[in-house]
Every structure is written in C-alpha cells, then in structure tokens.
Amino acid sequence: MKARWDLFLIPSFILSFVLMMVSQIIFLRASFFKDLGLGRAGKDVVLTNYERFFTDDFYLQVLWLTVQVSFMAMLFTLVLGFPVAYMIARIRSRWAMVLLAGIVVSTFITIVIKVFGIYIMFSANGIINQSLVGLGILDKPFTVIGNNAGVVVGLMHFTLGFGVLVLYSVVQTIPRSLEEAAQIHGSSRFRVWLRVIVPLSLPGVTVASLMIFNMSMGAFTSAALLGGGRVFTLPVLIQRVVIMEVKYSMGGTLAAVLLFSVLLINLLSIYLVTRMRKQRLVIT
Amino acid sequence: MTISTPATGVAVNGAEPQPRRRPGFRIPFSRWTFFSYCSLSYIFLLSPLVIVIGASLHRGTRYTVVKFPPEGISFYWFTQIPQAHWDALSLSFGLAVLASALACCVGIPAALGLVRSNIPLKGLVSSVFRAPLQIPSIVTGVAFLQMYYLFGDLTGVYVNGTFAGLLLGHLFVGIPFVVGTVGAVLQRFDTRLEEAALSLGASRITTFRRITLPVIMPGVYAGGLYAFMVSFGDVPISIFLSAPGFTTFPVELFYGMENDFNPAVLASSTLVILFSLGLLLLMQRIVGLENLLRSGGGAG
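These numbers come from a predicted model, not from an experiment. (Residues numbered from 1 in each chain as written. Chains lettered and ligands numbered in written order. Predicted model: local features only at pLDDT ≥ 70, side-chain atom pairs only at ≥ 80, totals over all residues. Heavy atoms only, no water.)

### Concerning the overall build of chain B
Summing up its helical and strand segments, chain B has 11 helices and zero strands in all. What you see in chain B, going N to C, is helices and strands ordered as α-α-α-α-α-α-α-α-α-α-α. Expressed as a percentage of its 300 residues, the buried residues of chain B come to 53%. Sequence separation of at least 24 residues holds for 68% of the intrachain contacts in chain B that already meet a minimum separation of 6. Accessible surface, chain B: about 13,300 Å² in total, of which carbon and sulfur atoms supply 65%. (Helix = DSSP H or I, 4+ residues; strand = E, 2+ residues; numbered from the N terminus. Buried < 20%, exposed > 50% of the residue type's maximum accessible area, 1.4 Å probe, protein only. Contact = heavy atoms within 4.5 Å. Areas by Shrake-Rupley, 256 points an atom, 1.4 Å probe, with all protein chains shown as cover.)

### A short note on the packing of aromatic side chains
By the definition in use, this model includes 22 aromatic pairs over all chains. Between the aromatic rings of Phe34 of chain B and Phe35 of chain B, the centroid separation amounts to 6.4 Å while the plane-to-plane angle is 50 degrees, which identifies the pairing as tilted. Put simply, the rings of Phe53, Phe54, Phe58 and Tyr59 of chain A pair up and form one aromatic cluster. Directly above the aromatic system of Phe189 of chain B lies the positively charged group of Arg116 of chain B, at a separation of 4.9 Å from the ring centroid. (Phe/Tyr/Trp six-rings, centres within 6.5 Å; stacked < 30°, edge-to-face > 60°. Lys NZ or Arg CZ within 6 Å of the ring centre and 35° of its normal.)

### So, the interface of chain A and chain B
Each partner contributes to the interface: chain A provides 92 residues, whereas chain B provides 93 residues. Roughly 8,700 Å² of surface becomes buried between chain A and chain B when both sides are summed, with 78% attributable to carbon and sulfur atoms. The interface formed by chain A and chain B contains zero salt bridges. For the pair chain A and chain B, the number of links is nine residue pairs in polar contact (both at pLDDT 80 or more). For the side of chain A that touches chain B, the element with the most residues is helix α1 (residues 5–30) of chain A, which contributes 17 residues. Here the side of chain A that touches chain B is composed, by residue class, of 65 nonpolar, 18 polar and nine charged. (Buried area = accessible area lost by both parts, 1.4 Å probe. Salt bridge = Lys/Arg side-chain N within 4 Å of Asp/Glu carboxyl O. Polar contact = N/O pair within 3.5 Å; in protein donor to acceptor, adjacent residues only side chain to side chain. Nonpolar A, V, L, I, M, F, W, Y, C, P; charged D, E, K, R; others polar.)

### Focus on the environment of Arg52 of chain A
Residues and elements named next belong to chain A. Structurally, the position occupied by Arg52 is in helix α2 (residues 48–55). Taking relative accessible area as the criterion, Arg52 reaches 37% and is therefore assigned partly exposed. Residues Arg52 and Met250, spaced 198 residues apart in sequence, show a C-alpha to C-alpha distance of 9.3 Å. In this structure, Arg52 is in contact with Tyr59, Lys247 and Met250, ignoring residues within four places of it in sequence.

### What to know about the side chain of Ser231 of chain B
Residue position: Ser231 of chain B is located in helix α7 (residues 204–233). When residues no more than four places from it in sequence are discounted, the contact partners of Ser231 of chain B are Leu95, Ala96, Ala99 and His170 of chain B.

### Looking at the confidence of the model for chain B
Residues and elements named next belong to chain B. The pLDDT averaged across chain B works out to 82; a share of 85% of its residues lies at or above 70. Mean pLDDT across the elements of chain B bottoms out in helix α11 (residues 289–294) (70) and peaks in helix α2 (residues 83–116) (93). Here residues 1–22 is a poorly scored stretch, pLDDT under 50, and it has 33 contacts once near neighbours within four places are set aside; other chains count. Below pLDDT 50 for its whole length, residues 296–300 participates in nine contacts with residues either more than four positions away or in separate chains. (pLDDT = per-residue confidence, 0-100.)

### Remarks on a nonpolar patch on the surface
Taken together, Leu7, Ile10, Ile14, Phe17, Val18, Met21, Val22 and Ile25 of chain A make up a surface patch of nonpolar side chains, about 650 Å² in accessible area. Summarising the element assignment, Met21 of chain A is placed in helix α1. (Patch = residues over 30% accessible without salt bridge, like charges linked within 9 Å, V, L, I, M, F, W, Y side chains within 5 Å.)

Right, here's the structure in full:
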C-alpha cells in the first residue's frame, strides 16, 4: 500500500486557503464601498475610494514617497550588504558562522527595540551629535527622526539583515573555481569582479533587490517610528486611516493599492527569473 | 584564508597580480579596506542593540535621563520594569509559543503532502502556503481585523482583541516558514531510510516517529524558530488585533515610544534582547546555524 501523502495536505491547505481568501476578499470588497467615516460605509459597490486615491495629490504623493524611500533603502542595502554576503560566503573558517550569527541576531530582534537605540544615538546629547558638534563638523545637532533619511535608515534595519542572507545564498551559487580560473589566466582581482562575480550574481541580485524593495514597500513599524508622525509612507497611512480615523473602506483601498503594487513587483520578478533561466544566465 | 591572515601587502586597486597566499576570496582592494567596509554593516545593525543594553545599565534614578555610554553600572532599572510590560511580555511569549507550535502542526503535514504527492497544480497549491509572506503584514492586519468584524456581526462573537484572534493572525504568518524549512529538508530526504524501516517490519506510525520525524527535525526547529520570532516581534498585525490593556510587548513599546521613554523601558528591552540571543544560541547548539539558514526560512 502506498502512503497517501496528498491526504496530509488537505486540512492544512483548507486552513491556509480559507484564511487567505476570506480575509483578502472581505477587505477588498469593503474597499469598494463609499467611506462615510466613523466606521460606517455605503452599501453600493462604487469606485469612489479608488477615484479619490488616484486623483488626490496627497495620496499620490504618499505612494510616490513610499516608492522613493523603498528604492533608497534597496540601493543602500545592496551596497552595504553585498560585500558582507560575499565575505561570509567566501571565508573558509569558523568566522563565517560568527559573522552570520551577527546578521541573524539583528534580524531576529524586534525593530521597535532597535529604534530605541537609534533614538538614543541621534538624541541631541547622544554620542553622534556630541562628537560631531564637538569636532566642529556640525554647528547644531541633527536628527534622523521625523524625516525621510530616518525612514530610509529604519527600512534598512528591516531589510539589511534579510538582504545579506539572501545575497549570501546568491554568492554561494557562484562556484569558487570560476574565480580561481579567471585569476590563473591572469585576470587582476578587479577584473575578476568585473567579468566574473558581478555578471554571474546579477540575476540573483536583481531578484533579491526586488524582494528587498517589496519588503520596504510593506514595512510598517520602522517607517512609522522613524517617520515620527511626520513622514507618511503607505503602510503608515493605512494604520492611521484605520485606527485613528476609523475609515475601514478607505483603509481597505489603501491596503489594496499596496497589495497590488507588491504583487505586481513579484510578478515582474518571476518574469525576470524565467527569462534569465531561458538565457541560461542563472546557474542552478 | 581567514580573517586573521595578515594582509597581503598594501594593494592598490587591481594592481596586484599575484597575491602571496591563495586567498579564499577576491577583492579589488586591500583586504583590510574591505573588512572595514563590511564592518560598517555590522556597526549599523548591531550598534542600536549595544546602545539599548548599555543605556539600560545607567546608574541614576531620574526617569527622564537616558544616557549612553552609561555613567556607572547598576541594575536599578531592571527592578523598575512596570507591571504592564511584564503582562505584555507574558502575552507575547505565550502567543509566540502557541503560534509556532500550531504552525508546526499545520506546516509539517503540508510540507509532507507538497513534497511527496503528485497532485495537479502543485505550484499553485504551494504558492497558497507561501502567500502570507508575499502579503505585506499591514495588509494582513487590516484584512484580519475586517474579517473579525464581519464574523462578529454575523455570529455575535468578536475575536478581535482576544487571544484567539491574535493567535490566528500570528499562525497565518507562521505557517509559511515551517512549510518552507520542512519542505527543504524533505527534498533532500533519502526515502530508502523509510523503506528499510518498513521492510524490517516497522509499522507506518513507528517509521514516521522513529525515522521521518528525527530526520526532518532540523527543519521543524528552524521553521518553528522563525515562526516564533516573527510572532514575538510582530507589530503590524498585532496592532490591529490587540485591544487597549491587552497588547503584545512590541505593540506596548510602539505606543509607549513617544510619551513613555525611560530607562525602565530599556531594561525590559534588554531582557528581550538577551532572551532572543539565548534562544538563538540554544538553536545553534541543537541544530547548528548552518542548518538553520540552509533550510531557507525567511529567504524561501
């Protein structure tokens, strides 16, 4: 008798499927009702909320700002994270594990606690401001709390650890022997990077970047705390609209816009991967 | 070969054709420039944690003074952690334990079914299990809140702001991690081990308990740990599903951030940092970090 493994799947699948479909359908449906404020909503299916989103400058600016800070966070995550990922993947000693552990620790601890650290760091009499003002580099203390730079910093705390872990698995797919071969044939170390490491990791890095970008688009906690109530990205606005203004339908609309932009980027990423596979750019 | 290897001379960009020792990696700069650059990421990621721990040890009894580096070491603030924080911590802990345990109960059979059966549309089915990771948490939070309201309107039972409501939300985001990690282990599983046990007369249940389960255990630990940590640190879902006076620790901190920033808060945060660190070390002992990461969790 052969084991019927497919039967194991059924209860779990039903649970996951029902939770996902029911929750998503309910909020998507609600997003089509006219928002009357105070938790009340109209009964007819209309596009009022979406019309408002795409005609109101405020909402469009929020969307544009979300894209901008996510892009910056993605860029800095790549620039800071890729060398670290490369280093960890190529070191052949137990240091690699220690270095990885450092990354994992930072991703495992809730971002709220890290924001405390950032607050202290950038407070007017904190170490950074005291040393910069003391050295005469700045004439008055500066802060990252409540401006776009702060939000980018917050997003990076959310994405950098994860980014390093993903990029680490990308670098691991590049055989060491290719680098050695290039070097034996006389490439300088710079050329090894230019002609071997960068081209071979490009497909993986592209996908990783899209994942990081997606994470940033949906990141709530760090953006909310470092935005300090002055910078609104889409997730921050969603929480505000739902909890403070009690506008469930409008909140649903904002959430729907966020969900579909993220899904769109996911589809783009899948499309890119299949294209690269076809062109045999990915070594797997 | 390792970090402790001395630098191979002062290398100018790409001007060094033959390194003296064959290095494990190739970089167009001197390796100390490279290491210093990489250490920036570590400083960036870990300094906030060091600062929180340091500032929580500050010796001083004034509520408004937060100092780093601390002037004198004391554990005074650890005795001042408010009751609300202890309540929130125990709620968070209970929630994370139950959510990750349930995620394992749901995720293990799902992974077994996905890897070992030949059902049609397998890709679609597995994407249903992965979906919660693709949906931004804030959207999940809003969606679950509205689902609970509708459910409440229909049945009169409102689960938002209750333990059950929070648990369901956390379970939803925990399942994909377990399915991912256990699935990754199962894909490398040598099924001849099971066949051997069966042909030697073990029952299916004994085979599962004595062979299958021990082999997939690293995946279960890894997935469970991810699910635990995601639940334990979650804000965007819990913020919608908790009620005033009934909140998880991160949400409590989140709301307290503006008006309630004092060394006692840092003390409870320090406890959480040390707890997370301890849990990670324990996992490293049990399954090894390499296994923890190889099975893919967050990356999957």
